[in-house]
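Survey of secondary and tertiary structure
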Amino acid sequence: MQRILACFILVFFWESLAAQTIDNVKATVNGDDIIITYDLSGKDGQEFKINLYASNTNFSKPIVKAFGDLGSKISPGKDKRVVWNAKNEIPEYKGDLVIEVRGEAGVVSSSSSVRPLSFLSPSGGSVKRGKIMSISWSGGAPSENVELNLLKGGAVVQKISNQGNNGVYSWLVPKGTKTGAYQLKVTGS
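Some thoughts on the overall build of the protein
Looking only at helices and strands, the protein has one helix and 14 strands in total. Taken over 189 residues, the protein has a buried fraction of 35%. Looking at the protein alone, contacts between residues at least 24 apart form 65% of all its contacts between residues at least 6 apart. For the protein, the exposed area adds up to about 10,700 Å²; of that, 50% sits on carbon and sulfur atoms.

So this is what it looks like as structure tokens:
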């Protein structure tokens, strides 16, 4: 992979009411991955939603092919770590990138205003074993955990993830997965 990152400018954001700061942000390139570390400060017991944004989209949508200390329910602490497979997410991109680490205080919503969970992607088609598949969904309460499961014939064959409801997950499809017709299921807890 050509170096798509000649320069990193890492920016931090904060919610004025949350008294949260993101600092000590560092990025390193490790093969096809970009490793981003940061410190998150806030009040004890407080949780935040953390997302990464890049200049290739004018910071208009969050990076989806990343994992680690991002998404909902991130507690304050030092040495938070995110791994982004930039080559997989933006394979044709060349040039400098600016990466932003953004945080917002957890949002509490009443159960009467919560939309049901529903998939946005994938919406069918085939998936290659050993490749990363981006899974996205909407709905549910921001404070709830969601469970992603792989089903075959209506039965769970693999638990993919149990995580905060951030609406995205990058799943490395196991190379040993047998061919066949599968479904994905997202449930809130």
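Focus on the sheet that holds strand 12 (residues 155-164)
One open sheet accounts for three strands, arranged 12-11-14; its pairing is antiparallel. A strand with exactly one partner marks an edge of an open sheet, and here the two such strands are strand 12 and strand 14 (183-188). Within the sheet, the average angular offset between the axes of one strand and its neighbour, ignoring direction, is 20 degrees. Relative to strand 12, strand 11 (residues 145-152) runs antiparallel, the two sharing eight bridges. The residue of strand 12 that forms the bridge with Glu147 is Asn162.

Structural notes on the nonpolar core
Generally speaking, a soluble globular protein has its nonpolar side chains buried in company with each other. Ranked by internal contacts, the top residues of the largest apolar core, which has 21 residues, are Ile36, Tyr38, Ile50, Trp84 and Val101. Looking at this core, the elements that each hand over two or more residues are strand 2 (21-30), strand 3 (33-41), strand 4 (48-54), strand 7 (77-85) and strand 8 (99-105). Residues Met133, Ile135, Trp171 and Val186 belong to the second largest nonpolar core, which totals ten residues.

Things to note about the pattern of salt bridges
Scanning all chains against the criterion turns up one salt bridge. A salt bridge links Arg102 to Glu100; the shortest N-O distance between them is 2.8 Å. Note on Glu100: relative accessible area 9%, which makes it buried.

Here's the deal with the pairing of strand 11
Counted between consecutive antiparallel strands, the loop separating strand 11 from strand 12 contains two residues, among which Gly153 sits at a positive phi close to 65 degrees. Bridge count for strand 11 against strand 14 is six bridges, and the pairing is antiparallel. Note that in strand 14 the partner of Leu148 across the bridge is Val186.

Re the environment of Gly176
Note on placement: Gly176 falls in the loop between strand 13 (168-172) and strand 14. Along the chain, Gly176 and Gly130 lie 46 residues apart, while their C-alpha atoms are 8.3 Å from each other.

Points about the sheet that holds strand 3
The four strands lie next to each other as 2-3-7-5, forming an open sheet whose pairing is antiparallel. Looking at the sheet topology across the chains shown, the edges are occupied by strand 2 and strand 5 (66-68). Mean inter-strand twist for the sheet, computed between neighbouring axes without regard to direction, equals 25 degrees. In this sheet, strand 7 lies alongside strand 5 in antiparallel orientation, the contact comprising three bridges. Across the sheet, the residue bridging to Gly68 is Val82, located in strand 7.

Conventions used here
- Residues numbered from 1 in each chain as written.
- Predicted model: local features only at pLDDT ≥ 70, side-chain atom pairs only at ≥ 80, totals over all residues.
- Heavy atoms only, no water.
- Helix = DSSP H or I, 4+ residues; strand = E, 2+ residues; numbered from the N terminus.
- Buried < 20%, exposed > 50% of the residue type's maximum accessible area, 1.4 Å probe, protein only.
- Contact = heavy atoms within 4.5 Å.
- Areas by Shrake-Rupley, 256 points an atom, 1.4 Å probe, with all protein chains shown as cover.
- Pairing = 2+ DSSP bridges.
- Axes fitted to C-alpha atoms, helices over the stretch in contact; angles between N-to-C directions.
- Core = buried A, V, L, I, M, F, W, Y, C linked by side-chain atoms within 4.5 Å.
- Salt bridge = Lys/Arg side-chain N within 4 Å of Asp/Glu carboxyl O.

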